[in-house]
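Commentary on secondary and tertiary structure
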Amino acid sequence: VAGRSGPAELDVVIVIDTSVSTAAPSGADVDGDGSVGRSELGRIGFTMGDRSTDPGDSILSAEVAAARRLAQILDPRRTRLGLVSFSGGPADLVRGEPVLPNAVTRVPLTDDLAHLEEGLGALREGTPAGGTHMAAGIDQATVELLGLPGAMSSADPSRSRAAVLLTDGTPTQPFGYDRPADTVRAALRAADRARRARIRVSTVAIGSLALEAPVAAVETAARTGGAFIPVRHTAGLLDAIEEVKFTPSVRVELVNRSSGEEAREFRITPGGSWGGFVPLAPGDNTIEVAARTESGLEARRTVTATLDESAPAAAVPREYDFLGGGT
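Treat the numbers as computed from the prediction; the structure is a model and nothing was measured. (Residues numbered from 1 in each chain as written. Predicted model: local features only at pLDDT ≥ 70, side-chain atom pairs only at ≥ 80, totals over all residues. Heavy atoms only, no water.)

Considering the pattern of salt bridges
Convention followed: Should a side-chain nitrogen of Lys or Arg be within 4 Å of a carboxyl oxygen of Asp or Glu, the pair is scored as a salt bridge. The secondary structure listing takes helices from DSSP runs of H or I that are at least 4 residues long and strands from runs of E that are at least 2 residues long, numbered from the N terminus. Relative accessible area decides the class of each residue, using a 1.4 Å probe on protein chains only: under 20% of the type maximum gives buried, over 50% gives exposed, and in between gives partly exposed.
Under the counting rule described, the total for this entry stands at 20 salt bridges. One salt bridge connects Arg 159 with Glu 9, and the closest N-O pair in it is separated by 3.4 Å. Of this pair, Arg 159 sits in the loop between helix H3 (134-146) and strand S9 (160-167) while Glu 9 is found in the loop between strand S1 (2-4) and strand S2 (10-17), placing the two residues 150 residues apart along the sequence. Of the residues examined, Glu 9 reaches a relative accessible area of 32% and is grouped as partly exposed. Its salt-bridge partner being Arg 80, residue Asp 11 comes within 2.8 Å of it at the nearest N-O pair.

Next comes the structure, spelled out in structure tokens:
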């Protein structure tokens, strides 16, 4: 049994930090090859560099894996996803390489997950460089969600809008390392622009550097109605990304009132879709779902399902893959 407690349709832009620090090892076996990348020096970005001996285990790779997980658990029937990356500043201060784009739309809003996967794959293969222009990442997501001039996406004002920003640091652009307060204020002004557009921005702060002074990440989430999700160890990022919520908190219970059995493998996605597998007894079964908001509002619905034990098992339709496997 499946349903929804959130908006009918949702647009989400995933915003990924590709600054030089994301080349560093994540400390986890992100690519699942049985080994964990270690730190080594290399001439990339603003420093001589901390990068992973296995690029598949870098912080950037972990961010991409988290974006994939988020795409997998959202209801594809109701959600369009886009992808933006951000960095900014010179690619390499030592060598004076050209200034990088502050933010780039990698994939416009789409319901084609294969298109999103192509964009994530290309992003993972890139070389992290530059600083952390969080303001540009938030603004680029806002441009795409609203369909403003320069956007690659077609906006739909009937859909709810949200963004998820992943970063392993604090803002260092557009004013540089010697003006941290101004740089944070730039990010918060971008957050205010998103708030005025009714865009919830959830922020995921990854690792010790991002959590030392997470003012921009915390305030961005607070000002826009999003969630701030701290991730101390990158190995926990895939679980943490499921804590993102794009809708107000609703408690949903699904139970077979005829037998008293609760639903198995029950899940509520960040977008508000919910569902689970309800065990049936032979004959008629009364299935009830109850939803309650934090403010005390409640709704109930029932449906009768009849189990014919001689009938073959039915496969779960592909559009319900976000619930997990089963028949």
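Back to the write-up after that little detour.
Structural notes on the sheet that holds strand S10 (residues 199-206)
Working definition: the strands of a sheet are paired by backbone hydrogen bonds and lie parallel or antiparallel to each other. Just so we agree on the cut-off: Should DSSP find at least two bridges between two strands, the strands are taken to pair. Lines fitted to the C-alpha atoms define the axes, with helices restricted to the stretch that makes contact. Angles between their N-to-C directions range from 0 to 180 degrees.
As summarised here, the arrangement of the six strands in space is S8-S5-S2-S9-S10-S11, forming an open sheet in which the pairing is mixed. In the strand order of this sheet, the two ends are held by strand S8 (103-110) and strand S11 (228-231), each with one partner. Strand-to-strand, the axes of this sheet are offset by a mean angle of 15°, without reference to chain direction. Examined bridge by bridge, S9 and S10 share seven bridges and lie parallel to one another.

Regarding the pairing of S8
For S8, a buried count of six out of eight residues is recorded, marking the element as mostly surrounded by other parts of the structure. As judged from the five bridges shared by strand S5 (residues 79-86) and S8, these two strands associate in the antiparallel manner. The residue of S8 that forms the bridge with Leu 83 is Val 107.

Some thoughts on the nonpolar core
Soluble globular proteins tend to pack their nonpolar side chains together in the buried interior. Test applied: Definition of nonpolar core: a set of buried residues of the types Ala, Val, Leu, Ile, Met, Phe, Trp, Tyr and Cys, connected through side-chain atoms within 4.5 Å. Contact definition: two residues touch when any of their heavy atoms are within 4.5 Å.
Core analysis: the largest hydrophobic core is formed by 31 residues, its most contacted members being Ile 16, Val 164, Leu 166, Val 204 and Phe 246. Elements that contribute at least two residues to this core include exactly S2, helix H1 (59-73), S5, helix H2 (113-125), S9, S10, S11 and helix H7 (237-240). With eight residues, the top contributor of residues to this core is H1. Residues within four places of Leu 166 in sequence aside, it is in contact with Ile 14, Val 15, Ile 16, Asp 17, Glu 63, Ala 66, Phe 86, Val 204, Ile 206, Leu 237 and Ile 241. The next biggest cluster of nonpolar side chains, apart from the first, holds 24 residues, and it includes Ala 103, Ala 136, Ala 141 and Ala 163.

As for the confidence of the model for the chain
The cut-off we apply is this: Per-residue confidence from the prediction method is given by pLDDT, with values spanning 0 to 100.
Per-residue confidence for the chain gives a mean pLDDT of 88; residues scoring 70 or more make up 93%. No element of the chain has a lower mean pLDDT than strand S3 (residues 39-41), at 76, and none a higher one than H3, at 98.

Here we look at the sheet that holds strand S15 (residues 283-293)
Within the open sheet, the three strands sit side by side as S12-S15-S16. Their pairing is antiparallel. Each of the sheet's edge strands pairs with one partner strand only, and the pair in question is strand S12 (250-256) and strand S16 (298-307). Each strand axis lies, on average, 15° off the axis of its neighbour in the sheet, ignoring direction. For S12 and S15, the ladder comprises seven bridges, and the chain directions are antiparallel. By the bridge assignment for S15, Val 252 is matched with Ala 291.

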